[in-house]
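Structure assessment
One-letter residues, chain by chain:
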Amino acid sequence: MTHDDAVLKAREIASRVLTPSAGQNDKAGRFSTEAVESLGESGLLGLTMPADVGGSALGPRTLAAVIATLAEADASVAMVYLMHILGAATISAARPRATQIVTPILQEIGAGRHLSTLAFSEAGSRSHFWAPLSRAHRNSNGVRISPKKSWVTSAGHAQSYIVSSLAPEGAGPTDSTLYLLLAQTRGFSVAGPWDGLGLRANASAPVTLDDCEVPSSLQLTDDGAGFPAMLNVVLPLFNLGTAAVALGLCRAALAGTVSHLKNAKFEHLGQSLGESLPTLRAQLAAMQIDTDGLSARIDDLVEHLEKPRETTMLRVLECKAAAGDVAISVTSAAMRACGGAAFSKHLNIERLFRDAHAGAVMAPTGDVLREFIGKSLLGMALF
Ligand SMILES: Cc1cc2nc3c(=O)[nH]c(=O)nc-3n(C[C@H](O)[C@H](O)[C@H](O)COP(=O)(O)OP(=O)(O)OC[C@H]3O[C@@H](n4cnc5c(N)ncnc54)[C@H](O)[C@@H]3O)c2cc1C
């Protein structure tokens, strides 16, 4: 699969599967299994996997384009897809001792039959996902783990979960280890419903692991090496992907606003809203400028990820922080420009507005990113 093939496939799935059901799934809080099946059949679940396990070995440029395309139709599905790509990347980066057991799982991902996700956040450490409170306990086979994970996208739908826990002998708050937990593991359960303000169709429910046994072959990182994997494997793609979700939301808000300003009429004046009101045209222009600015920022991050340099981590931090703000600002402007039609839910704008608020909340939150950027500019330690 080439970059262009991947984007075409994403467009086809967006128009055939996502667009027709996004509104209903949002209303019902329904996870789209059809979307995941289509992503699997098209080969997109294996987009970034190496070719030797059946993947397409495509990089951040294609990933960002595919995610933005999906998000334009349904941001819930785009986020499910992003969390899967992150789970798959973490499995793919597993330590050599896990290779034999994870290879068949990677082949299932390459074949589009396995959905993965991340289970990092815990209620006690909240958005500070790098500091799990639960601790793994060693046994003869590997470890037993009992974390209560507070938000897990695709909970109950994924076939595997990348779970963090403090290493058995870890001394500090970031001395974590990452484990691969298969959905059928005894002790694993979804611990409650998902009824969020936005991204309502992505099943980001809490999950409980009750004394789950994880054999050492499913330990993905060395003891205490979970934190560097979170920073080096997960964070760059997560920040890029959430920025791409934000871009898709902005593009959808722009398209919805253009359509409304062209089609809604002041009949007594014989003009559309757009023809009649320069204030609305100015708001639309500001939305376009912000959306194109975000698109350029994402391209810049892609370039930094393709050719890593000293400023790459700074760009990783900046991109998600900026994207969260832009998505909220552009979708808020759309709500205002489309007025009562948006407020009364006659347009999809209010779904985009609610979905746009998730990006800034998802860790690392916009506030935390700004704190990290400020500290790094001043040469201070981040953790
Ligand atoms: C739709 C959705 C899907 C999610 N999916 C997953 C998933 O698949 N896997 C997973 O592990 N987690 C997931 N999460 C969890 C997410 O990453 C956060 O851990 C979670 O939102 C915690 O939020 P909180 O408001 O409780 O955090 P809190 O830490 O209570 O934050 C509250 C406020 O304090 C601010 N704040 C916190 N720390 C600092 C700081 N150091 N400096 C400045 N400000 C700070 C925050 O920005 C925020 O405004 C998901 C969240 C959402 C909304």
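Preceding this section is the structure that the text describes.
Throughout what follows, the structure given in this document is the object of discussion. On a predicted model such as this, the values are computed, not experimentally measured, just so you know. (Residues numbered from 1 in each chain as written. Predicted model: local features only at pLDDT ≥ 70, side-chain atom pairs only at ≥ 80, totals over all residues. Heavy atoms only, no water.)

A few words on the overall build of the protein chain. The secondary structure content of the protein chain amounts to 11 helices and 11 strands. In terms of overall dimensions, the protein chain is globule-like: its C-alpha atoms have a radius of gyration of 21 Å, near the 21 Å expected for 383 residues. Projecting the C-alpha coordinates of the protein chain onto the three principal axes gives extents of approximately 80 × 50 × 40 Å. Considering only intrachain contacts with a sequence separation of at least 6, the fraction spanning at least 24 residues in the protein chain is 73%. Averaging the coordinates of the 32 positive side-chain charges in the protein chain and doing the same for the 35 negative ones gives two points 3 Å apart. (Helix = DSSP H or I, 4+ residues; strand = E, 2+ residues; numbered from the N terminus. Rg over C-alpha atoms; globule rule 2.2 N^0.38 Å. Contact = heavy atoms within 4.5 Å. Lys, Arg positive; Asp, Glu negative; His and termini not counted. Charge placed at Lys NZ, Arg CZ, Asp CG, Glu CD.)

All right, on to the pairing of strand β8 (residues 205-209) then. Across the five residues that make up β8, a large majority, four, are buried. In this sheet, β8 lies alongside strand β4 (residues 148-152) in antiparallel orientation, the contact comprising three bridges. Its bridge partner lying in β8, K148 is registered against T208. Summarising the sheet, strand β7 (residues 188-190) and β8 pair through three bridges and their orientation is antiparallel. (Buried < 20%, exposed > 50% of the residue type's maximum accessible area, 1.4 Å probe, protein only. Pairing = 2+ DSSP bridges.)

Our focus in this paragraph is the nonpolar core. Most often, soluble globular proteins keep nonpolar side chains buried together rather than apart. Of all hydrophobic cores here, the largest spans 126 residues; its most connected members are L44, Y81, I91, I145, L181 and I298. Broken down by element, this core gets its largest block of residues, 19 residues, from helix α6 (residues 226-263). Once you skip the residues sitting within four places of it in the chain, I91 turns out to touch V102, I105, L106, I109, S116, S160, I162, L180 and L220. (Core = buried A, V, L, I, M, F, W, Y, C linked by side-chain atoms within 4.5 Å.)

Here we take up helix α1 (residues 3-28). In α1, a bend of some 55° at A22 exceeds every other bend along the element. For α1, the set of buried residues is A6, V7, A10, I13, A14, V17, L18, S21, A22, N25 and D26. Buried residues belonging to α1 abut α2 (33-42), α3 (60-73), α4 (75-92) and α10 (349-361). At the C-terminal side of α1, G29 shows a positive phi close to 65°. (Bend = angle between axes of the 7 residues up to and from the residue.)

Here α3 is 14 residues long and its end C-alpha atoms lie 20 Å apart, about the 20 Å a rise of 1.5 Å per residue gives. Within α3, 11 of the 14 residues are buried, leaving the element largely enclosed by the surrounding structure. Within the sequence span of α3, burial applies to P60, T62, L63, A64, V66, I67, A68, T69, L70, A71 and A73. As for α3, its buried residues are in contact with α1, α2, α4, α6, α8 (278-306) and α10. (Expected span 1.5 Å × (residues − 1).)

Our next topic: the site of the ligand. Lining the immediate environment of the ligand, one finds 20 residues, of which S121, R126, S127, T365 and D367 sit closest. Within the contact set of the ligand, an oxygen atom lies 2.8 Å away from a backbone nitrogen or oxygen of A363. Relative to its free-state accessible area of 970 Å², the ligand is covered by the protein chains to the extent of 75%. If you map the ligand onto the pockets, it falls in the largest pocket. (Near = heavy atom within 4 Å. Polar contact = N/O pair within 3.5 Å; in protein donor to acceptor, adjacent residues only side chain to side chain. Areas by Shrake-Rupley, 256 points an atom, 1.4 Å probe, with all protein chains shown as cover. 1 Å grid on protein atoms, 1.4 Å probe; cavity = no way out; pocket = protein on both sides within 12 Å on 5 of 7 lines; lining within 4 Å. Sits in = over half its atoms within 2 Å of the grid points.)

With the rule as written, the count across this model stands at 19 salt bridges. Across the salt bridge formed by E122 and K149, the nearest N and O atoms sit 2.8 Å from each other. Of this pair, E122 sits in the loop between β1 (116-119) and β2 (137-138) while K149 is found in strand β4, placing the two residues 27 residues apart along the sequence. Of the charged contacts, one joins R138 and D223 as a salt bridge, the two residues approaching to 3.0 Å between their closest N and O atoms. In this pair, R138 is assigned in strand β2 and D223 in the loop between β9 (212-215) and α6, connecting sequence segments 85 residues apart. (Salt bridge = Lys/Arg side-chain N within 4 Å of Asp/Glu carboxyl O.)

Across the sheet, three strands lie side by side as β4-β8-β7; this open sheet has antiparallel pairing. At either end of the open sheet lies a strand with only one pairing partner, and these are β4 and β7. For this sheet, the mean inter-axis angle between neighbouring strands, taken without regard to orientation, is 25°. (Axes fitted to C-alpha atoms, helices over the stretch in contact; angles between N-to-C directions.)

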